[in-house]
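Residues per chain are reported as follows:
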Amino acid sequence: MKPSVLYNVFARDFKRQRKRMILTLVAILWGTMSIMLLLAFGEGMKTQFSRNLKGLGEGIVILWGGQTSKPFAGFGKGRHIPLRVEDIEYLRSQVPEIETVAGEYIRWGIRFRAGKTLIAERVDGIYPEYESLRSFIPDSSGRMINQLDMDQRRRVVFLGWTLKERLFGPEMPVAEVVGKTIYMQDIPFTVIGVMRPKIQMGSYQGEDKDVAAIPATTFHALFGDPWLDNIIYRPRDLTANKAVEKRVFEVMGAKYKFDPTDEKALSTWDVVEQSRVTNNMFLGIQIFLGIIGALTLLIAAVGVANIMYVSIRERTREIGVKMAVGARKIYILTQFVMEALGITFFGGLLGMSVAYILTEAFKRVPIQSDVLDFMGRPTVSLEIGIIVTVILGMLGFMSGLFPAMKAASINPTEALRYE
Amino acid sequence: MIEMKKIIKSYRTGAVSFDALRGIDLTVGDNEFIAIVGPSGSGKSTLMNLVGCLDTPTDGEYRLEGKQVEALSPNQLAEIRNGMVGFVFQAFNLLPYATAFENVELPLIYAGLRGKDRRRRVTDLLCQVGLADKAANRPTEMSGGEMQRVAIARALANNPRLILADEPTGNLDSVSGGEIINIFVDLWQTGHTVIVITHDQNIARRCQRVIKLKDGLIDTDNGNGHRLDKTGGNA
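Throughout what follows, the structure given in this document is the object of discussion. Model, not experiment: these values are computed from the prediction.

### Looking at the overall build of chain A
The number of helices and strands found in chain A is 15 helices and 10 strands. Every one of the 419 residues in chain A was classed for burial, and the buried ones make up 40%. Across chain A, every contact between residues at least 6 apart in sequence was considered, and the portion connecting residues at least 24 apart equals 81%.

### Description of the overall build of chain B
The number of helices and strands found in chain B is seven helices and 10 strands. Across chain B, the fraction of contacts at a sequence separation of at least 24, relative to all contacts at a separation of at least 6, is 68%.

### Points about the nonpolar core
One finds Met36 of chain A together with Ile36, Val104, Ala151, Leu164, Phe184 and Val196 of chain B to be the most contacted residues of the largest nonpolar core, which totals 122 residues. With residues near it in sequence (within four places) discarded, Met36 of chain A still touches Gly351, Met352, Ala355, Val380, Ile384 and Val388 of chain A. One finds Ile60, Val156, Val194 and Ile214 of chain A within the second-largest nonpolar core, a separate group that totals 57 residues.

### Examining the pairing of strand 10 (residues 217-221) of chain B
Residues and elements named next belong to chain B. The sheet contact formed by strand 9 (residues 209-214) and strand 10 spans four bridges and is antiparallel. Note that in strand 10 the partner of Ile211 across the bridge is Asp221. Counted along the chain from strand 9 to the antiparallel partner strand 10, the turn is two residues long, and its residue Asp215 has a positive phi close to 55°.

### A closer look at the interface of chain A and chain B
The interface of chain A with chain B comprises 20 residues on the first partner and 22 residues on the second. Every element with two or more residues in the side of chain A that touches chain B is listed here: helix 1 (3-16), helix 11 (316-324), helix 12 (329-364) and helix 15 (412-417) of chain A. Broken down by element, the residue count for the side of chain A that touches chain B peaks at six residues, all from helix 11 of chain A. Across the side of chain A that touches chain B, the residue classes tally to 11 nonpolar, three polar and six charged.

### Regarding the pairing of strand 4 (residues 59-64) of chain B
Residues and elements named next belong to chain B. As defined by bridge partners, strand 1 (residues 2-13) adjoins strand 4 across five bridges and the pair is classed as antiparallel. Note that in strand 4 the partner of Glu3 across the bridge is Arg63. As defined by bridge partners, strand 4 adjoins strand 5 (residues 67-68) across two bridges and the pair is classed as antiparallel. Bridge pairing in strand 5 places Arg63 opposite Gln68. From the end of strand 4 to the start of strand 5, which pair antiparallel, there are two residues, and Glu65 there has a positive phi angle of about 50°.

### Considering the sheet that holds strand 7 (residues 162-166) of chain B
Residues and elements named next belong to chain B. Reading across from one edge, 6-7-8-3-9-10 is the order of the six strands in this open sheet, with mixed pairing throughout. For this open sheet the edge positions go to strand 6 (85-88) and strand 10, each flanked by a neighbour on one side alone. Put simply, the sheet's adjacent strands are angled 20° from each other on average, direction ignored. As judged from the five bridges shared by strand 7 and strand 8 (residues 193-197), these two strands associate in the parallel manner. Its bridge partner being in strand 8, Ile163 is matched across the sheet by Val194.

### Section: unusual backbone geometry
The phi dihedral of Arg153 of chain A falls on the positive side, at around 50°, and the residue is not glycine. Looking at where Arg153 of chain A falls in the secondary structure, it is placed in the loop between helix 5 (147-151) and strand 5 (156-159). On the basis of neighbour counts, which here come to 16 C-beta atoms within 10 Å, the residue Arg153 of chain A falls in the partly exposed class. A positive phi angle, near 60°, is found at Asn31 of chain B, a position not held by glycine. The residue Asn31 of chain B is located in the loop between strand 2 (16-28) and strand 3 (33-37) in this model.

### Considering the sheet that holds strand 2 of chain B
Consider a sheet: its strands pair through backbone hydrogen bonds, and that pairing is either parallel or antiparallel. Residue and element names in this part refer to chain B. The strand order 2-1-4-5 describes an open sheet built from four strands, whose pairing is antiparallel. In the strand order of this sheet, the two ends are held by strand 2 and strand 5, each with one partner. Note: strand 1 against strand 2, 10 bridges, orientation antiparallel. Each bridged residue has a counterpart across the sheet, and for Ile7 the counterpart in strand 2 is Ile24.

### Quick word on the packing of helix 2 (residues 18-54) of chain A against helix 10 (residues 271-314) of chain A
Residue and element names in this part refer to chain A. In the contact formed by helix 2 and helix 10, the axes pass within 8 Å of each other and the chain directions differ by 175°. Taken as axis vectors, helix 2 and helix 10 run roughly antiparallel relative to one another. Counted by class, the contact of helix 2 with helix 10 contains 21 nonpolar, 12 polar and three charged residues.

### Some details on the packing of helix 3 (residues 100-111) of chain B against helix 5 (residues 144-155) of chain B
Residue and element names in this part refer to chain B. Between helix 3 and helix 5, the least distance of the axes is 8 Å, while the angle of their chain directions is 25°. As the angle between them shows, helix 3 and helix 5 are arranged roughly parallel. With respect to the hand of their crossing, helix 3 and helix 5 are arranged in right-handed fashion. In this structure, helix 3 contributes Ala100, Asn103, Val104, Leu106 and Pro107 to the contact, and helix 5 contributes Val150, Ala153 and Arg154. Residue composition of the contact of helix 3 with helix 5, grouped by class: six nonpolar, one polar and one charged.

### Examining helix 6 (residues 161-168) of chain A
All names here are of chain A. When helix 6 is considered as a whole, its buried residues turn out to be Leu163, Lys164, Leu167 and Phe168. Buried residues of helix 6, seen end-on, are gathered within an arc of 110° and therefore sit on one face of the element. Once helix 6 ends, the next one or two residues include Gly169, with phi positive near 90°.

### Considerations on the environment of Leu53 of chain A
Residues and elements named next belong to chain A. Note that Leu53 resides in helix 2. Judged by C-beta crowding, with 19 C-beta atoms within 10 Å, Leu53 ranks as partly exposed. Separated by 222 residues in the primary sequence, Leu53 and Ser275 have C-alpha atoms spaced 7.2 Å apart. Contacts of Leu53, omitting those with residues within four sequence positions, involve Met201, Ser275 and Thr278.

### Describing helix 4 (residues 115-128) of chain B
All names here are of chain B. Helix length check: helix 4 (14 residues) gives 20 Å between terminal C-alpha atoms against 20 Å at 1.5 Å per residue, within 8%. When we look at burial in helix 4, the residues that qualify are Arg118, Arg121, Val122, Leu125 and Leu126. For helix 4, the angular spread of buried residues about the axis comes to 130°, placing them on one side. With respect to the buried face of helix 4, the exposed residues turned more than 90 degrees away are Lys116, Asp117 and Arg120. For helix 4, the elements touching its buried residues are helix 3 and helix 5. Positive backbone phi, approximately 75°, marks Gly130, located one or two places after helix 4.

### Side note on the environment of Thr389 of chain A
Residue position: Thr389 of chain A is located in helix 14 (residues 382-408). When the C-alpha positions of Thr389 of chain A and Leu349 of chain A are compared, they lie 8.8 Å apart, and in sequence the two are 40 residues distant.

What counts and how
- Residues numbered from 1 in each chain as written.
- Chains lettered and ligands numbered in written order.
- Predicted model: local features only at pLDDT ≥ 70, side-chain atom pairs only at ≥ 80, totals over all residues.
- Helix = DSSP H or I, 4+ residues; strand = E, 2+ residues; numbered from the N terminus.
- Buried ≥ 20, exposed ≤ 12 C-beta atoms within 10 Å, placed from the backbone.
- Contact = placed C-beta atoms within 7 Å.
- Core = buried A, V, L, I, M, F, W, Y, C linked by C-beta atoms within 7 Å.
- Pairing = 2+ DSSP bridges.
- Nonpolar A, V, L, I, M, F, W, Y, C, P; charged D, E, K, R; others polar.
- Axes fitted to C-alpha atoms, helices over the stretch in contact; angles between N-to-C directions.
- Parallel < 35°, antiparallel > 145°, perpendicular 65-115°, else oblique.
- Left-handed = near helix turned anticlockwise from the far one by under 90°.
- Arc of directions from axis to C-beta.
- Expected span 1.5 Å × (residues − 1).

Here it is in structure tokens:
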């Protein structure tokens, strides 16, 4: 069947049943737009949550010292297991499956003074690896703590962006803050950088926006803490996080003489696992939204089937003529299925275009809102486009198939007599 | 070409059964020009539908060019309608949204002919019926006689040996009707078998053989008696 003949058929039907066709196309457009927007919102939320989760750190596992709950190797239960500085190198050498590992000291209630401003806040003694592990990304006018700071035990400080505002005021640009001196417990520290603002979902010792981070070696020299508050590591293979955790328990158990199966000997927060759970949850939300959208589209597809049935009834004689000149049933079937697909795809294309325009326009609206920062903005992805196209194809095919089967089963002699 | 033995065609509406044909025996040879006449309801159109494989008999045997029609599948019957038989209808039955060219082209598309070959064939056919200048016209832009000529061109698309025409001049004036019948005479004289259903005695007189149906049976058939030869004289 020539495209021009198919187009002429479509145009003729459009003229004859203009209102019905327009309503059907609008229904398909609406259904397609609904499913696209629902999926786009789901995708936007998933992306934003994923981004927010990375605010704490991407692909990391946080380790704390614990207390044994099982007797082992002659030791009773209830024994405190600390984390020491040398454990960092020990884990690095004993667990090659770990890509990056670093430790952290924490102390609360430290006095900070900048000019006449005096506040109490926490201080973290960290390693340079925290830039990658915990997303301590500096603003471009400064830097994060480096190995030289560690080696020389420099009195340098990296500020969270809210702490910078509390000490220096929100109007002072970061570039002016870098290089200034603040006093921590009356000891002068030079500000080397300010953290770039980020959304952080989850924290274990307070939010990073309020942190004052100094080199771990400087912290230990100042405060003399014998143990680390935590160790953070990132596995090389994020899909093998459980196996790596098991290995960590084995090597730490060997060193500290606790049962490697004793889950209380060390505490862990597996952010990788949490990400996976969150992703699965959002996948579930997306599937749910998709089902709602698909049901909306299904109603529109019923409209397509309705219009096809009407069209076939009006073109009964035409079908008879085609059979009389040699059309096989499959040709008749194909023609009507193609017409249904044509209506569905045309309406679908319009719907997808409207959904795309709406989501792009929404992205460009300059709304600053905590809700949007948390929920994200709707995002139309290629994946969504493909999913919607497949759904449209299936619905278009189904809405055309049953009317087409009816058309192909028409008796040609009766069809030729049809008025 | 055509052999029908004890052909019965029944139609059922609910519990009521009606026999449109009650036992037709018919033999048609090559290159015949036959008129089928008879009162309304005598079974003329039903017979033509069976001959042209648009429908199948309820009982009896039908052989077309040696093929047992009852044993053929729907696709095989469609192939016969496409290649061996050409239909011309009283109501023309052109596709209203397609041009004359596209209407004539339709059987060629179903026959699987390539584009260039199809275009050449359609052009030749429209020339043959004198409508080369109307190729781009839609049915609404043509007269009744022109539409019927397009229908004839369509019927001839795949060069069928058998042409079936059901009251081809029924919706035409006498001048246009006369032109159409002349075309059928030409087709007969060039080797086609032409069967025409008609109420018009003037047309029946120009046919070589006249079969009269009555109440679903053949009443008279001058196939073995008075027949015209191709010059119009008695055979």
